[in-house]
Amino acid sequence: MRCTFGLALLAGLALGRPAPEPASQADSAIAYVDQETGFTFSEFKAAYSLTQNIVYRIALPSNAPSGNYNAVVQVVAPNQVGWTGLAWGGNMIRNPLTVAYPSGSKVTVSSRWATGHSTPASYTGATYTLLSKGNRVNGTHWQYSAKCVGCTTWTGASGSQRINPTGSARLAFAYSPNKPSSPSSNTSTIPVHDVANYWSHDFSVGLNSNFDALLAQNGAA
Ligand code: HEM
Ligand SMILES: *[C@@H]1O[C@H](CO)[C@@H](O)[C@H](O)[C@H]1NC(C)=O
Ligand SMILES: *[C@@H]1O[C@H](CO)[C@@H](O)[C@H](O)[C@H]1NC(C)=O
């Protein structure tokens, strides 16, 4: 199955209401306070089937400087997920792709960039540091929490892009049930996704006035 935009239809059915335009899942994000790391995240649960979600959470600083600023991304995926990607510009091409996959008891995060609908290359414009807390693989799920430097600004197909921390913008995700060939390597080959979809994400519900102090508390100052 390779279903790019069909998830909107599935999501509509799952909610027992008529399917909207086959474009995106139910929009927005809710605030989620993570007791483990202390960050307040904007959270969106992206359905990759009728019954299963991958949870994407983003924490941003309240007083972000006008240029690039740091972000924290937290993802919770059922063990059936072989890899998942988050696209910060809302589509596959020419924006930071945060790809991750479980590797034994750890999670590998990989920085990627695609110039077409083919395997994304490594991307040095965004770098990730796993927090000291909020990472695990257990009997049902895998989860990571990482600081990203370079996820909030980039040069896309139509020039400079910057995520407005007090606004909403389109994010996208991709899901595959299949595992990368070398899961401990952040440059592993990854198989193509079965599902990709996008939504409008409200970043403003995940702002943190003590962002830098929280990074320090999580070993990622
Ligand atoms: C591993 C190799 C990959 C291949 C071969 C691949 C291929 C493709 C293809 C062919 C499409 C168009 C599907 C259609 O229109 O029916 C697509 C769409 C998409 N892909 Fe990928 N992809 C790959 C990795 C990724 C990764 C890592 C992400 C990370 C988020 C991603 C995100 C998306 C998204 C969001 C779309 C839909 C929006 C768009 O077309 O830009 N893909 N991909
Ligand atoms: C992989 O990890 C190394 C060491 O942290 C880092 O320098 C490199 O940029 C990463 N590459 C990708 C593709 O994430
Ligand atoms: C397994 O990890 C998930 C994701 O962090 C968490 O929600 C769940 O409570 C954990 N299960 C157990 C038994 O600890």
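Computed from a predicted model, the values in this text were never measured in an experiment.

S.K.: Any chance you could break down the side chain of His 201 for me, citing the residues and the numbers?
M.R.: For His 201, the location among the structural elements is in strand 15 (residues 195–202). Since its relative accessible area comes to 0%, His 201 is described here as buried. A polar contact of 2.7 Å, which involves the side chain of His 201, links it to the side chain of Ser 42. With residues up to four places along the chain from it excluded, the contact list for His 201 reads Ser 28, Ala 29, Ser 42, Glu 43, Phe 44, Tyr 56, Ile 58, Gly 167, Ser 168, Ala 169 and Leu 171.

S.K.: Could you give an account of the environment of Tyr 32, with specific residues and numbers?
M.R.: Looking at where Tyr 32 falls in the secondary structure, it is placed in strand 1 (residues 30–33). When the C-alpha positions of Tyr 32 and Ile 58 are compared, they lie 9.5 Å apart, and in sequence the two are 26 residues distant. Ignoring anything within four residues of it in the chain, the contact list for Tyr 32 reads Phe 39, Thr 40, Phe 41, Glu 43, Arg 57 and Gln 74.

S.K.: Any chance you could break down the state of the cysteines for me, citing the residues and the numbers?
M.R.: Across all of its chains, the model carries 1 disulfide by this definition. For Cys 148, the disulfide goes to Cys 151, at an S-S distance of 2.0 Å. On the S-S bond that ties Cys 148 to Cys 151, the torsion sits near 90°, and the link is right-handed. Overall, the relative accessible area of 0% leaves Cys 148 in the buried class.

S.K.: With reference to specific residues and values, describe the pattern of salt bridges.
M.R.: Scanning all chains against the criterion turns up 2 salt bridges. With a closest N to O distance of 2.9 Å, Glu 43 and Arg 57 form a salt bridge. One end of the pair, Glu 43, is in strand 2 (residues 40–47); the other, Arg 57, is in strand 3 (residues 53–61), and 14 residues separate them in sequence.

S.K.: Before we move on, can you summarise the packing of aromatic side chains with the specific residues and values?
M.R.: Under the criterion given, the structure shown has 8 aromatic pairs. Where Tyr 48 meets Tyr 175, the ring centres are 4.1 Å apart and the plane angle is 25°; that geometry is what we call stacked. Pair noted here: Tyr 48 is in the loop between strand 2 and strand 3 and Tyr 175 is in strand 14 (residues 168–176), with a separation of 127 residues, a long-range link. A residue is classified by how much of its surface remains accessible, and Tyr 48, at 3% relative accessible area, is buried. Members of the aromatic cluster, each reached through a chain of ring pairs, are Phe 44, Tyr 56, Phe 173 and Trp 199. Lying across the ring of Tyr 32, Arg 57 places its NZ or CZ 3.6 Å from the centre.

S.K.: Could you give an account of the site of ligand 2, with specific residues and numbers?
M.R.: In the neighbourhood of ligand 2, the contacting residues comprise Ser 110, Ser 111, Ser 122 and Asn 186. Taking Ser 111, its main chain carries an N or O atom lying 2.9 Å from an oxygen atom of ligand 2. Coverage of ligand 2 by the protein amounts to 47% of the 370 Å² it exposes when considered alone. Of the residues assigned to the shell around ligand 2, the class counts are no nonpolar, 4 polar and no charged.

What counts as what
- Residues numbered from 1 in each chain as written.
- Chains lettered and ligands numbered in written order.
- Predicted model: local features only at pLDDT ≥ 70, side-chain atom pairs only at ≥ 80, totals over all residues.
- Heavy atoms only, no water.
- Helix = DSSP H or I, 4+ residues; strand = E, 2+ residues; numbered from the N terminus.
- Buried < 20%, exposed > 50% of the residue type's maximum accessible area, 1.4 Å probe, protein only.
- Polar contact = N/O pair within 3.5 Å; in protein donor to acceptor, adjacent residues only side chain to side chain.
- Contact = heavy atoms within 4.5 Å.
- Disulfide = S-S within 2.5 Å.
- Salt bridge = Lys/Arg side-chain N within 4 Å of Asp/Glu carboxyl O.
- Phe/Tyr/Trp six-rings, centres within 6.5 Å; stacked < 30°, edge-to-face > 60°.
- Lys NZ or Arg CZ within 6 Å of the ring centre and 35° of its normal.
- Near = heavy atom within 4 Å.
- Areas by Shrake-Rupley, 256 points an atom, 1.4 Å probe, with all protein chains shown as cover.
- Nonpolar A, V, L, I, M, F, W, Y, C, P; charged D, E, K, R; others polar.

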